[in-house]
Structures are given as C-alpha cells and as structure tokens.
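The primary structure of each chain is shown beneath.
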Amino acid sequence: QVQLVESGGGLVQPGGSLRLSCTASGFTFSSYAMRWYRQAPGKQRELVAMITQGGSTNYADSVKGRFTISRDNAKNTVYLQMNSLKPEDTAVYYCNTLRLGYNYWGQGTQVTVSS
C-alpha cells in the first residue's frame, strides 16, 4: 500500500535552516507529482511546494526564494530545503501525492521556529 514517511522536523531559531525528507513506497514514485503542505494551529492546511514528475516546481508566495523542493527518484524521496526560516513557518509539514484520484498523506513532521 502507499506509504509516505516524513522526517527532518525540529526546533530551529529564526533565520535557520531545516531539510525535510519524505520517503515513499507502494507506488511508482517517479510517475507522480509530489507536494509539501503545512498546517499551523488554528489554520487550514496550505500547499507549500510541488514538484512534477519531470522536475518542474511551484511554490507558495510566502516561501518563494527561501524553500526549495527536490526529488531523488532513485531513493523514492522528496525533499524540502527550508532556509531563512521565520516564526510564521511554524507548522506540521505533510508530504502528499495524488494517485488514481485519491490523496495520500504522511503522518507529518513538526517544524517550530522560535528563539
């Protein structure tokens, strides 16, 4: 079955960096676009970044120039490099893929940006 497992979250000071990883299994990873979403307390889940099968990327305006999404098809892994982190980036970050009309989610990884 499809599984998405995120890792790499933690506590970081404003201006710091983190790299999130999401390892996928149960489907042909290279054939699907992958997304990172985040959800802050009391807010709706929002799309942060997307990478297509061919490697094209899109970002939310709030993270453009600071976050970079990438993928390694040999490792079935998608990454989110987050630089210049701000307190408003604090959220649970989720990996996502849409396959055969169904949205699959990981369990999420907490990112906290605080001094």
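Please read these numbers as outputs of a predicted model, since none were measured by experiment.

Analysis parameters
Along each chain, numbering runs from 1 in the same order as the chain's sequence is written. pLDDT decides what is reported in this predicted model: residues at 70 or higher carry local features, side-chain atom pairs at 80 or more are listed and counted, and totals for whole chains, interfaces and linings draw on all residues regardless. Derived side-chain values reflect all non-hydrogen atoms in the structure, with water molecules and hydrogen atoms excluded from consideration. Where helices and strands are cited, they refer to DSSP runs of H or I of at least four residues and of E of at least two residues respectively, numbered from the N terminus. Residue exposure (1.4 Å probe, protein chains only): buried if accessible area is under 20% of the type maximum, exposed if over 50%, otherwise partly exposed. When checking whether two residues touch, look at their non-hydrogen atoms; a contact exists if any pair is within 4.5 Å. Accessible surface is estimated by sampling points in the Shrake-Rupley manner with a 1.4 Å probe; for residues, cover comes only from the protein chains shown. Note on charges: Lys and Arg go in the positive column, Asp and Glu in the negative column, and His and the chain ends are not counted at all. To locate a charge, the coordinates of NZ of Lys, CZ of Arg, CG of Asp or CD of Glu are taken. Whether two strands pair comes down to DSSP finding at least two bridges between them. The axes used here are C-alpha line fits, helices contributing only the stretch in contact, and every angle between their N-to-C directions lies in the interval 0 to 180 degrees. Residue types Ala, Val, Leu, Ile, Met, Phe, Trp, Tyr and Cys, when buried and joined through side-chain atoms within 4.5 Å, form a set referred to as a nonpolar core. Whenever a nitrogen or oxygen atom comes within 3.5 Å of another N or O atom, the pair is scored as a polar contact, on the condition that within protein one atom can donate a hydrogen and the other can accept it, and that pairs from neighbouring residues in sequence are kept only if both atoms are in side chains.

**Overview of the overall build of the chain**
Helix and strand content of the chain: zero helices and 11 strands. For the chain, the sequential pattern of α-helices and β-strands runs β-β-β-β-β-β-β-β-β-β-β. The principal-axis extents of the C-alpha atoms in the chain amount to approximately 40 × 25 × 20 Å. For the chain, the proportion of its 115 residues judged to be buried stands at 43%. Of the contacts formed within the chain by residues at least 6 apart in sequence, a portion of 53% connects residues at least 24 apart. If you sum the accessible surface of the chain, you get close to 6000 Å²; carbon and sulfur atoms cover 45% of it. Counting 11 positive and 6 negative side-chain charges, the chain places the centres of these two groups 4 Å from one another.

**Observations regarding the sheet that holds strand S1 (residues 3-7)**
One open sheet accounts for four strands, arranged S1-S3-S8-S7; its pairing is antiparallel. Sheet topology places S1 and strand S7 (67-72) at the edges, where each strand pairs with a single neighbour. The mean inter-strand angle of the sheet, taken between neighbouring strand axes irrespective of direction, is 15°. For S1 and strand S3 (residues 18-25), the ladder comprises five bridges, and the chain directions are antiparallel. Paired with Ser 7 across the strands is Ser 21, a residue of S3.

**Focus on the environment of Gly 16**
Tracing the chain through its elements places Gly 16 in the loop between strand S2 (10-12) and S3. In sequence terms Gly 16 and Ser 84 are 68 residues apart; their C-alpha atoms lie 5.5 Å from each other. In this view, Gly 16 contacts Met 82, Asn 83, Ser 84 and Leu 85; residues no more than four positions away in its chain are not counted.

**Brief notes about the nonpolar core**
Counting 29 residues, the largest nonpolar core has Trp 36, Val 78, Leu 80, Met 82 and Tyr 93 as the members making the most contacts within it. Contributing elements (two or more residues each) for this core: S3, strand S4 (34-39), strand S5 (46-51), S7, strand S8 (77-82), strand S9 (91-99) and strand S11 (109-113). Those residues in contact with Tyr 93 that lie beyond four places of it in its chain are Glu 6, Leu 20, Trp 36, Tyr 37, Arg 38, Val 48, Phe 67, Leu 80, Met 82, Gly 108, Thr 109 and Val 111.

**Re the environment of Thr 97**
The topology assignment puts Thr 97 in strand S9. Using a relative accessible area of 0% as the deciding quantity, one classes Thr 97 as buried. Distance from Thr 97 to Leu 4, taken between C-alpha atoms, is 8.7 Å for residues 93 residues apart in sequence. The contact partners of Thr 97, leaving out residues within four places of it in the chain, are Leu 4, Phe 27, Tyr 32, Ala 33, Met 34, Arg 35, Tyr 102, Asn 103 and Tyr 104. Of the polar contacts made by the side chain of Thr 97, one reaches the backbone oxygen of Ala 33; its length is 2.9 Å.

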